[in-house]
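# Chain and residue survey
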Amino acid sequence: MSGVGAVCHTLNPRLSAEQMIYIIRHAEDKVLFTDLTFVPLLEKLQDHFPPLRYVIMTDRAHMPQTTLDALCYEELLEGQPTQRLWPEFPETTASGLCYTSGTTGDPKGVLYTHRSNVLHALSVATVLGPDLRYEPRILPVVPLFHVNAWGLPFTAPLVGGSLIMPGPFLDGASLWDLCQSERVETAWGVPTIWQGLFTEIQKRGRKPDALRHMVVGGSAMPRSLIESYEQVGVDVNHAWGMTETSPLGTQGALPVNKFDAPFTERMALKASQGKRVFGVDMKIVDEDGQPMPQDGEAIGELYVRGNTVMGSYFKNDTATNQAMDAEGWFGTGDVASISASGRLTIRDRAKDLIKSGGEWISSIDLENLALAHPKIAQCAVIAMPHPKWDERPVLIAKPVDPLDPPTLEDVNQMLSQNLARWQLPDDLILVEELPLTATGKISKLTLRQQFKDYVLPDLAG
Ligand code: ADP
């Protein structure tokens, strides 16, 4: 839609009906493009939508019988010129709209302009230049509705890259096969996806041949998983970003003077979320909004500002006023430290931090450390209410082998090498699967709902 005067709003089809109806109305969508899969769903919901024109992405032969007011995509294209002159309009004209995935409440809309999308693509192409050289073959395992597949539809053409689209099969075996058959060189996605691919790499005893680089973000990439990939020859770039930041705000490429540093030093750097990309300013602030030192020690809320950072939410003044400070900085809701050399470390989301006896426990730290346990495949830490301590951490884990699960004593013994006693989880809950959001992150919102009646062991009975 960029360049034609329309706004492309990519919609997540796995949202609940309520959220989908809310978003389509809020976005003031006019035309809805869909593939065949979602026609029955849309037929069911259409009476709740404002009047929409539907375009079904297929040819005449495959057009279904439908109650939707639908046009056929291939038929629309027929007889149209293949060359188009780009219209002239201001660069700040809107081109795209994405909604936050709602892990933290109601979905909020972020409108991108032609200018912000191009600047973001240029920034990414610049900082990742060496990794995107020679017309790379890029696998985005991130849906288009998740911040425009992290901007890759704009960045890839800029570097002459090809996008390999994975379709619905995101399990480790399918991704391994796809990477191999399509000679994927750089793969982008959230940690849960790379966990699955790595299990497959272990099973087959080798990585896909051409895969040499990976960009990972959306949630914290555990250091143990970064190390696993690096050991098989995949260069991991741990990035941080948000729907509100287009999304890349930082990226974690190693500086040249660290190429020969010892493995542990390189991995410690890679486990952080890296340095800001061009045009993004960062600061951390205390509870009164006062800037804190950038010394790697001080921890505060991360604020960002820049050409690729949102100035306001789409039609949502309340959320905008909550998020922006008086100087136009955007409050990310993430709690972080920034080192003297400008490397960002995300400690937690403010609302995921666990407050125990007046001290904070980082759920990300606990999860990262727990994942190094050989019997834990995936895990999440959430806070449970406690009358004395306020909150206590509980570890919810999917075991590697359900017949040989880890025990709390086991895990805590390992964790106590790095953590104080009061920081250790009070309980270990084993589950078959952890709930994921549509963007593939572990959904702590769902976990909190699932375990809302849970009582900590020292309070039970
Ligand atoms: P949602 O908030 O709905 O999940 P986003 O995809 O915009 O939607 O998520 C942005 C958030 O994801 C950030 O604020 C941060 O909490 C988290 N995040 C993104 N990248 C990382 C990372 N590398 N490490 C830790 N957290 C991350």
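What this report covers is the structure whose coordinates are included nearby. (Residues numbered from 1 in each chain as written. Predicted model: local features only at pLDDT ≥ 70, side-chain atom pairs only at ≥ 80, totals over all residues. Heavy atoms only, no water.)

## Some words on the sheet that holds strand β18 (residues 344-349)
- Strand order across the open sheet formed by four strands is β15-β16-β17-β18, with antiparallel pairing between neighbours. Edge positions in the open sheet fall to β15 (280-285) and β18, since each of these has one partner strand only. The average angle at which neighbouring strand axes cross in this sheet is 50°, direction not considered.
- As paired strands, strand β17 (residues 330-338) and β18 are joined by five bridges and run antiparallel to one another. Among the inter-strand pairings, V335 is bridged to a residue of β18, identified as D348. (Pairing = 2+ DSSP bridges. Helix = DSSP H or I, 4+ residues; strand = E, 2+ residues; numbered from the N terminus. Axes fitted to C-alpha atoms, helices over the stretch in contact; angles between N-to-C directions.)

## A closer look at the nonpolar core
- Ranked by size, the top nonpolar core spans 63 residues in total, and within it L139, W188, W194, Y229, L302 and F330 carry the most contacts.
- Grouped together as the second largest cluster of nonpolar side chains are 16 residues, V381, A397, V411 and L424 included. (Core = buried A, V, L, I, M, F, W, Y, C linked by side-chain atoms within 4.5 Å. Buried < 20%, exposed > 50% of the residue type's maximum accessible area, 1.4 Å probe, protein only.)

## Points about the side chain of H120
- On the secondary structure map, H120 appears in helix α4 (residues 114-127).
- A distance of 3.0 Å separates the side chain of H120 from the backbone nitrogen of L248, its partner in a polar contact.
- If near-sequence neighbours (up to four positions away) are discounted, H120 is found in contact with W150, G151, T245, S246, P247, L248 and T308. (Polar contact = N/O pair within 3.5 Å; in protein donor to acceptor, adjacent residues only side chain to side chain. Contact = heavy atoms within 4.5 Å.)

## Looking at the packing of aromatic side chains
- On inspection of all chains with the given rule, the structure shows two aromatic pairs.
- Geometrically, the ring pair formed by F198 and Y229 is edge-to-face, given 5.0 Å between the ring centres and 65° between the ring planes. One end of the pair, F198, is in helix α8 (residues 191-204); the other, Y229, is in helix α9 (residues 223-231), with 31 residues separating them in the sequence. Of the two residues, F198 and Y229, neither departs from the other in class, the shared state being buried.
- With 6.5 Å between their ring centres and 75° between their planes, Y313 and F330 make a pair best called edge-to-face. Linking Y313 in the loop between β16 (300-306) and α11 (317-323) with F330 in strand β17, this pair joins segments that are 17 residues apart in sequence.
- Exposure remark for Y313: the relative accessible area of 5% places this residue in the buried category.
- Over the ring of Y303 we find K283, and its NZ or CZ is 5.8 Å from the ring centre. (Phe/Tyr/Trp six-rings, centres within 6.5 Å; stacked < 30°, edge-to-face > 60°. Lys NZ or Arg CZ within 6 Å of the ring centre and 35° of its normal.)

## Notes on the packing of helix α7 (residues 172-181) against α8
- Relative to each other, α7 and α8 sit at 75°, their axes nearing to 8 Å. It follows that α7 is roughly perpendicular to α8 by the angle criterion. From α7, G172, A173, L175, W176 and D177 reach across to α8, where they touch I193, G196, L197, E200, I201 and R204.
- Split by residue class, the contact of α7 with α8 holds six nonpolar, two polar and three charged. (Parallel < 35°, antiparallel > 145°, perpendicular 65-115°, else oblique. Nonpolar A, V, L, I, M, F, W, Y, C, P; charged D, E, K, R; others polar.)

## Description of helix α10 (residues 263-271)
- Buried within α10 we find R266, M267 and K270. Down the axis of α10, the sector holding all buried residues measures 95°, keeping them to one side.
- On its buried face, α10 sits against α9 and β11 (235-238). (Arc of directions from axis to C-beta.)

## Remarks on the pairing of strand β21 (residues 376-386)
- Counting buried positions along β21 gives nine out of eleven residues, so the element sits mostly inside the fold.
- Sheet analysis places β21 next to strand β22 (residues 390-399), joined by ten bridges and oriented antiparallel. Looking at β22, one finds that C379 is bridged to A397.
- Here β21 folds back onto β22, and the loop between the two strands holds three residues.

## Topic: the sheet that holds strand β9 (residues 186-189)
- Here five strands make up an open sheet; going across it, the order is β8-β7-β9-β10-β11 and the pairing parallel. Here the strands that pair on one side only, and so sit at the sheet edges, are β8 (162-163) and β11.
- In the sheet, β9 pairs with strand β10 (residues 213-216) via four bridges, with the strands oriented parallel. Each residue of the ladder has a partner; that of W188, found in β10, is V215.

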